[in-house]
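# Structural characterization, general
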Amino acid sequence: MEARAHDMPLTPSHLTHKRNSSQTSASKHSKKCLTIPPGHRCVHFGSVNGTSGSLGCRKTHSHSIINNYLDAPPNTGAPERTSPGGMHFRDSKRKVDYVLAYHYRKHTAHHAAGSPGPLHRPDSLAIISNGETAKSHPEQQQVEAHNQEAPNPDALVVDMGPLDVLEEAKREQREEFERNLMEAGLEIEKDVENKSQGLSFVRIHAPWNILTREAELLKIKMPTKKTYEIKEEGGIAKKLSEMWRRFTEPLQPKVPQRNTTKMKHLSYPFSREKIYLYNVQDKDAFFDNATRSRIVHEILKRTYSTKAKNSMGINSLIAKNVYETAYPLHDGEYDGDNDEMNERKLLYREWARYGAFYKFQPIDLVRKYFGEKIGMYFAWLGLYTEFLIPSSLVGIIVFLYGCMTIESDVPSKEMCDQHNAFTMCPLCDKTCDYWNLSTACATARASHLFDNPATVFFSIFMALWATMFLENWKRLQMRLSYFWDLTGLEEEEEHPRPEYEIKVLQKKPRTESSKPVSEDEDEKDKLTWKDRTPGYLVNFASILFMISLTFSLVFGVIVYRITTAAALSMSTNESTRSNVRVTVTATAVIINLVVILILDEIYGVVAKWLTEMEIPKTEKSFEERLIMKAFLLKFVNSYAPIFYVAFFKGRFVGRPGRYVYVFDGYRMEECAPGGCLMELCIQLSIIMLGKQLIQNNIFEIGVPKLKKLFRKLKDDGSETKKSDSAPSKPPQQWDLDYVLEPFTGLTPEYMEMIIQFGFVTLFVASFPLAPVFALLNNVIEVRLDAKKFVAELRRPDAVRAKDIGIWFNILSGIGKFSVIINAFVISVTSDFIPRLVYQYAYSNNGTMHGFINHTLSYFNVSHFKAGTQPENSPFEQEVSFCRFKDYREPPWSENQYEFSKQYWAVLSARLAFVIIFQNLVMFLSVLVDWMIPDIPKDISEQIKKEKSVLVDFFLKEEHEKLKLIENFIMRDKPKSKNETRGRRNRAASFCQFSRSQRGSFTSFSSQHTDV
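Residues numbered from 1 in each chain as written. Predicted model: local features only at pLDDT ≥ 70, side-chain atom pairs only at ≥ 80, totals over all residues. Heavy atoms only, no water.

### Digging into the state of the cysteines
Short version of the rule: Only a pair of cysteine sulfur atoms within 2.5 Å counts as a disulfide in this structure description. Relative accessibility decides the category of a residue: with a 1.4 Å probe and only protein chains considered, values under 20% of the type maximum give buried, values over 50% give exposed, and everything between is partly exposed.
Counting across every chain of the model gives four disulfides. Put simply, C428 and C432 are joined by a disulfide, and their sulfur atoms are 1.6 Å apart. Where C428 bonds to C432 through sulfur, the torsion about that S-S bond is close to 95°, and the disulfide is right-handed. For the pair formed by C428 and C432, the shared burial category is buried. Here C671 connects covalently by a disulfide to C676, the sulfurs 1.5 Å from one another. Taking the torsion about the S-S bond as the criterion, the C671 to C676 disulfide, at about -85°, is left-handed. The buried category is assigned to C676, whose relative accessible area is 2%. Indicated for the protein chain is the disulfide connectivity 1-5, 2-8, 3-4, 6-7, based on numbering the bonded cysteines in sequence order.

### Thoughts on a nonpolar patch on the surface
Applied cut-off: Note that patches include only residues with greater than 30% relative accessible area and no salt bridge, and the join distances are 9 Å for like charges and 5 Å for nonpolar side chains (Val, Leu, Ile, Met, Phe, Trp, Tyr). In these tables, accessible area is a Shrake-Rupley quantity obtained with a 1.4 Å probe, and a residue counts as shielded only by the protein chains included in the view. A side-chain nitrogen of Lys or Arg and a carboxyl oxygen of Asp or Glu constitute a salt bridge if their distance falls within 4 Å. Helix numbers and strand numbers start at the N terminus; a helix is a DSSP run of H or I with at least 4 residues, a strand a run of E with at least 2.
On the surface, a cluster of nonpolar side chains totalling about 380 Å² of accessible area is made up of I396, L400, Y401 and M404. Mapped onto the secondary structure, I396 falls in helix 11 (residues 372-404).

### Remarks on the packing of aromatic side chains
For clarity, the cut-off: Planes of paired rings set the category: under 30 degrees apart is stacked, over 60 is edge-to-face and the rest tilted, where pairs are Phe, Tyr or Trp rings (Trp by its six-membered ring) whose centres lie within 6.5 Å.
Scanning all chains against the criterion turns up 54 aromatic pairs. Arranged with centres 5.0 Å apart and planes meeting at 50°, the rings of Y639 and F759 form a pair that is tilted. Taken together, the residues span a long stretch of sequence, with Y639 in helix 19 (residues 619-648) and F759 in helix 22 (residues 747-761) at a distance of 120 residues. Exposure remark for Y639: the relative accessible area of 1% places this residue in the buried category.

### Overview of the sheet that holds strand 17 (residues 325-327)
What holds strands together in a sheet is hydrogen bonding between their backbones, with the strands either parallel or antiparallel. Going by this rule: Should DSSP find at least two bridges between two strands, the strands are taken to pair. Here an axis means a line fitted to C-alpha atoms, over the contact stretch when the element is a helix, while the angle between two N-to-C directions is reported on a 0 to 180 degree scale. Should any heavy atoms of two residues lie within 4.5 Å, those residues are counted as being in contact.
The strand order across the open sheet built from four strands is 11-12-7-17, with neighbouring strands paired in antiparallel fashion. With partners counted over all chains shown, the strands left at the sheet margins are strand 11 (187-190) and strand 17, one partner each. The mean inter-strand angle of the sheet, taken between neighbouring strand axes irrespective of direction, is 20°. Strand direction decides the pairing type here: strand 7 (residues 98-105) and strand 12 (residues 197-205), joined by eight bridges, are antiparallel. The residue of strand 12 that forms the bridge with V99 is R203. Together, strand 7, strand 11 and strand 12 form the strand contacts of helix 3 (residues 162-183), whose direction differs from that of strand 7 by roughly 155°. Taken strand by strand, helix 7 (residues 289-302) contacts strand 7 and strand 12, and its axis lies near 50° from that of strand 7.

### Here's the deal with the environment of L736
Its place among the elements puts L736 in helix 21 (residues 733-738). Residue L736 is classed as partly exposed on the basis of its relative accessible area, which comes to 30%. Spatially, the C-alpha atom of L736 lies 9.6 Å from that of G86, the residues being 650 residues apart in sequence. Setting aside residues no more than four positions away along its own chain, L736 makes contact with E333 and P731.

### Describing the packing of helix 11 against helix 23 (residues 770-792)
Here is the rule: Angles below 35 degrees are treated as roughly parallel, those above 145 as roughly antiparallel, those between 65 and 115 as roughly perpendicular, and all remaining angles as oblique. Each crossing is labelled by how the near helix is turned from the far one, with a counterclockwise turn of less than a right angle marking it left-handed and a clockwise turn marking it right-handed. The residue classification treats Ala, Val, Leu, Ile, Met, Phe, Trp, Tyr, Cys and Pro as nonpolar and Asp, Glu, Lys and Arg as charged. All others, Gly included, are polar.
One way to put it is that helix 11 packs onto helix 23 with a least axis distance of 8 Å and a crossing angle of 160°. As judged from the angle between their axes, helix 11 and helix 23 are roughly antiparallel. Between helix 11 and helix 23 lies a crossing whose hand is left-handed. Only P771, V772, A774, L775, N778, V782, D785, A786 and F789 of helix 23 make contact with helix 11, whose side of the interface consists of I374, Y377, F378, L381, Y384, T385, L388, I389, S391, S392 and I396. Of the residues belonging to the contact of helix 11 with helix 23, the class tally is 15 nonpolar, four polar and one charged.

### As for the pattern of salt bridges
A side chain of one charge can pair with a side chain of the opposite charge when the charged atoms of the two come close. Within this structure, the stated rule accounts for 38 salt bridges. Among the salt bridges present, the one from R367 reaches E372, with a minimum N-O distance of 3.1 Å. Residue E407 pairs with R445 through a salt bridge whose shortest N-O separation is 2.7 Å. Of this pair, E407 sits in the loop between helix 11 and helix 12 (410-416) while R445 sits in helix 13 (residues 441-448), and the two are 38 residues apart along the sequence. The exposure class assigned to R445 is partly exposed, which follows from its relative accessible area of 28%. Each of the salt bridges in this network shares a partner with another, and the network as a whole consists of R561, K649, E669 and E679.

This is the structure in structure tokens:
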């Protein structure tokens, strides 16, 4: 009788390739074929959940068995049985801890006579939920061997094309991998492949014995029965803490918080031998969902497949498209109408909504749901956002100080005074005329808002702010490590990446390729520096090329500014000529922003490609190298235009009569009369705000939604091609999670915040309002990231981490680099040092009167080169000397147009300021670092107390255990020696596992060595 299309997949032991070239079908088609014996169509039943049962054979014309669950016949129209909520197996008891998804495609079969028909795979192997496989009777195996050896005219011949061969290989790899998972103790439930092609899910459950075994191997700390009181600080600190707690009570999220209780469970790495230490009331709830999925993911990573060229772990199979994806399930829906509350819905209501922007983050619940690594990120982001509040307030005060003192600023008054009549030299050759300095009055007044003595104080403040932020983060990090039981966390052994395994296998001789890659491989089986040298060379050359490309584009924008300014200066429109500088600056900054956004996306892809070429062994090494490359490229891309304006623009202009030209006719651009600091402020603000608005928010909101829509349309299109005979069923949780975006890591989230941290600290002397805009962005960013993790991404794997890794080193480097940058911005870019030198060295009365005249040099207009003087100038007969901003000797001096003594005095003062400022701020930073301990005093005391409480708890439990054993021995003393030994064992078993079923723990201790 024909087997139905929804039967079990064909197993590798029953696939026979046609190797005899004399057979007609093989010679005719010259393809790979499969021969399926005609009588081989039955399903065998084996033991279920440890209970033995009789083996038998049952025809599959009306039923199919999957994981010991009986499916209804497809022609009855009965709906497929599903678990309520989609979080359990079909028995509604076992949790789904992990899901594997893959696309399958069945090929068509042809009988020997040539009649077409669908390929029905025989059901000689049924996957049983306890990991065992049911095998045929010996008689049946002999019949199968006879069918495989002797040619059968009624056998089913399958013509296999290239795609069919590939699909069959993937199916065999999946079957072997799933068998290995079941041998490891996991329980599996699979969908029935009853269509020609489609999406199928493999649901995985870890039973209690596997969870305990892996928790012991991974040294997962679990709470014991013992609780102890957390000691709080007394005196004024306690009162202030109570006042702050009452004041911020409306801002607290309505979730279970650890700070509401003064008791803490004593935690200890899980041990099956000491199961009596833990409060195991409910085995299903003892390990939370994040821990369960983490344990299953560890098993998936270390299970290998020989048919997939000894690939180690699920990541290798995903890389080879054997499986499409693997992910743990979310805890139900987050916005459902039902009243059932879960952690995901609680996080959405109290954390991931924009309406909850004013509330503190429920960091403990975030860590419990997503794991420590993601919890650390949001804790760091929250602390960074909180620290932006005082810096924003100080920045606003500095800005207001500039606004209030603008009317009393003497240099800007002199520049705006039309009676001074400083006639300036032309800004371009031929077409530009002489101009009066008072026309730049607005620029000078605006420059004072950011170029005043308060900005020096603000630069010192921000340098100390960065140090205090990092020190407080180290303290918070230690506090979280204590409450999250991460103290003493050891580095976990990492498995090799799939790409590394493939490279090692390619390096091995073919005779040794049957051995799986292990951590104890010989040196010849590892990748040496010789294997990686080509990748390193390509990395070095590519990074140099990318940096050169960035500088080339910056230079291109400079050429645009020069040529556009020259073109607009020749315009006949008076308003156009008067607004040349504003027009060129605004358009150039917008072009820079667009270039930065485009190159950021390109550099992210290039950095990943370059890192893959290096073939790092572990995921941690891959991530660190990727971060360093991406940060280097994006740092240069984001700050190159700003560095140009701050330190290079206007430095290589030359002087009247001897200007520096580019492209033989275009003069290098120079700063505005009020200095380059105002233009630096404009450049910094537009790039910073543009990146935050477009890249960090619009891209993060729009791109995931477009990807989700595209995937939904693609799945809907494939669904319409399938038959509609199957009754519709509500989507399960694994279906809902599949359409979500996969989690790709925290690197993009950290990167955008690190670049913003650079904007806040590096050039803060030119833009005191940078912390304000960063604060406004981060208030939205926290909720945006939260909503993305809760509602738009698949649930990430829970990863333990006691710090933020290499990002802290990058933050520390930026903080130290910012001291140097701000010192040069104040001394070189601003007029702070020239004003100090004039006031205390050259001023007659110690005031700033005469400063503008002091900074302007004279030039004899008769010394212009031929063809560069203004054409048709109405002032040609009146002007004998024009002024330009520089410290040079006048034309009537012996050393005309050479640098004057004032120039060298100002230059010396600038260099001295850089040295003094840098050393002073560095000293203050080290002082702050020394004054603030990395580990809070109360946490240090609690860690010591926890160790002593743990020792006392162990001694007490062991004493009670020993006393119980002695009581049993004394009671059974008159009996025989064998019975006494048996009762001792039962006494120990009763002491350790009194709350568990018989055999649920003692039988698992022996399995530890089989891992």
